[in-house]
Amino acid sequence: MSADIITAQGLVKDYASRRGMFAPPTTVRAVDGVSLSVERASTLGIVGESGSGKSTTGRLLLGIEPSSKGSISFDGRPIPAAGTSEWRRLRARMQLIYQDPLAALDRRLTIADQVREPLDVHNIGDAAERRERVHELLAAVGLRPDHGRSYPHELSGGQRQRAVLARALASRPEFLVCDEPVSALDVSIQAQVVNLLTDLQERFSIAMLFISHDLKVVRNISDRVAVMYLGRIVEEGSSEDIFREPLHPYTQALVSSVPQPGTPLKERIILQGEPPNPANRPSGCAFHPRCRFATARCRSETPALKQTTDDRSVACHLVAVSTAQPSLEGVV
Ligand SMILES: Nc1ncnc2c1ncn2[C@@H]1O[C@H](COP(=O)(O)OP(=O)(O)OP(=O)(O)O)[C@@H](O)[C@H]1O
Ligand SMILES: [Mg+2]
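What counts as what
- Residues numbered from 1 in each chain as written.
- Chains lettered and ligands numbered in written order.
- Predicted model: local features only at pLDDT ≥ 70, side-chain atom pairs only at ≥ 80, totals over all residues.
- Heavy atoms only, no water.
- Salt bridge = Lys/Arg side-chain N within 4 Å of Asp/Glu carboxyl O.
- Helix = DSSP H or I, 4+ residues; strand = E, 2+ residues; numbered from the N terminus.
- Buried < 20%, exposed > 50% of the residue type's maximum accessible area, 1.4 Å probe, protein only.
- Pairing = 2+ DSSP bridges.
- Axes fitted to C-alpha atoms, helices over the stretch in contact; angles between N-to-C directions.
- Contact = heavy atoms within 4.5 Å.
- Parallel < 35°, antiparallel > 145°, perpendicular 65-115°, else oblique.
- Left-handed = near helix turned anticlockwise from the far one by under 90°.
- Nonpolar A, V, L, I, M, F, W, Y, C, P; charged D, E, K, R; others polar.

Where do I start with the pattern of salt bridges in this structure?
Pairs can form between side chains of opposite charge once their charged atoms are near each other. Applying the stated rule across the entire model yields 21 salt bridges. In this structure, R116 engages D113 in a salt bridge whose closest nitrogen and oxygen atoms are separated by 3.3 Å. Residue R116 and its partner D113 are both found in helix 4 (residues 111-121); the two are separated by 3 residues, about one turn of the helix. Residue classification places D113 among the partly exposed positions, given a relative accessible area of 30%.

I'm lost on the sheet that holds strand 11 (residues 306-309) in this one. Help?
Note: strands within a sheet are paired through backbone hydrogen bonds, in either parallel or antiparallel orientation. Strand order in this open sheet of 8 strands is 6-7-8-3-9-10-12-11, and the pairing throughout is mixed. The two strands at the open ends of the sheet, each matched to only one other strand, are strand 6 (94-98) and strand 11. On average, each strand axis in the sheet is tilted by 20 degrees relative to the strand beside it, whichever way the strands run. This element, helix 7 (residues 157-169), spans strand 6 and strand 7 (175-179) of the sheet and lies at about 170 degrees to strand 6. Most of the contacts of helix 8 (residues 187-204) go to strand 8 (residues 207-211), to which it runs at about 160 degrees, and overall it touches strand 3 (43-47), strand 7 and strand 8.

I would appreciate a short explanation of the sheet that holds strand 2 (residues 26-39) in the present structure.
Here 4 strands make up an open sheet; going across it, the order is 2-1-4-5 and the pairing antiparallel. Taken across any chain shown, the strands that pair with only one partner, and hence form the sheet edges, are strand 2 and strand 5 (77-78). Here 5 bridges tie strand 1 (residues 4-17) to strand 4 (residues 69-74), and the two strands are oriented antiparallel to one another. Note on strand 4: the bridge partner recorded for I6 is F74.

Before we go on, may I ask you to explain the packing of helix 4 against helix 5 (residues 127-140) in this structure?
Interhelical geometry of helix 4 versus helix 5 gives an angle of 120 degrees and a closest axis separation of 9 Å. Put simply, helix 4 runs oblique to helix 5. Classified by chirality, the crossing of helix 5 by helix 4 is right-handed. Two secondary-structure elements touch here, helix 4 through I111, A112, V115, R116, L119 and D120 and helix 5 through R130, R133, V134, L137 and L138. Across the contact of helix 4 with helix 5, the residue classes break down as 7 nonpolar, no polar and 4 charged.

This is the structure in structure tokens:
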């Protein structure tokens, strides 16, 4: 059995886009050659500014949208074509949790009915077993049995996200894509829901792709982290390494805004220039217009994601490959 539950190779996603009624359609490349893998029962965090392709990557992995290029395998096998019965069976093993629990829930159904829905759809257990399982699931996410009789609008935001989690867990998934799962919640309950997620992950051995703008949460929750910029992964490594010693200048800027426990706050690097826009992709390294270290090579040649050490990959011409020492060290 492979250590990875899901693996993607060279994923590309192009969207047709029209900037005005009479403008000719152009294509926008939202994801541009992403390869990644998520180990069983572990968490890969994805960070990057708005528009960098994080959510699109999550949707491609789940097969909610077809990729324009590339391949995905789940549990060692290629993902079957969307819509087929084989794909539907597989979908029960991977679930999506996104930002807005109210949109994810059906306003006309009670919470218990919605948590039971996957059991009905996948024909799991008889009526009594399903009732029992709904109770178990509600308890697992910290909801009381009477919450099951409520409708979504009768619950708080945090309770709704717990209900969404209970429903996602009903089919015993092995992989969850969590796309900004707590960013719509009150700050005071974000930590509770994050803790719940990690508890459930451990208890049920679930792997996660955890997408978030909140780097502190990503650092705490992730085993590995991938940093995306304009549809590409520009750095990937263990969460500890990435936050302790970011190598890509973009990662350095992101990480500089997060205080490190036990170390004095480093100088915060403010990113200059336009945020990434896939409709207007710079030549060479897409980050070069905002990079403090950009050279002529960076403007003309796109850096490939290369392994720098055993456990880290970086796409930057200025980071030495196959040495433990980043060449940027001392410059920053
Ligand atoms: N259905 C679509 N049609 C056309 N363009 C799309 C579509 N979905 C995403 N895009 C474009 O693809 C790019 C990546 O979008 P995506 O939603 O994956 O980014 P993101 O990293 O999740 O951003 P955010 O942090 O704001 O959620 C954006 O430029 C977006 O406008
Ligand atoms: Mg998104």
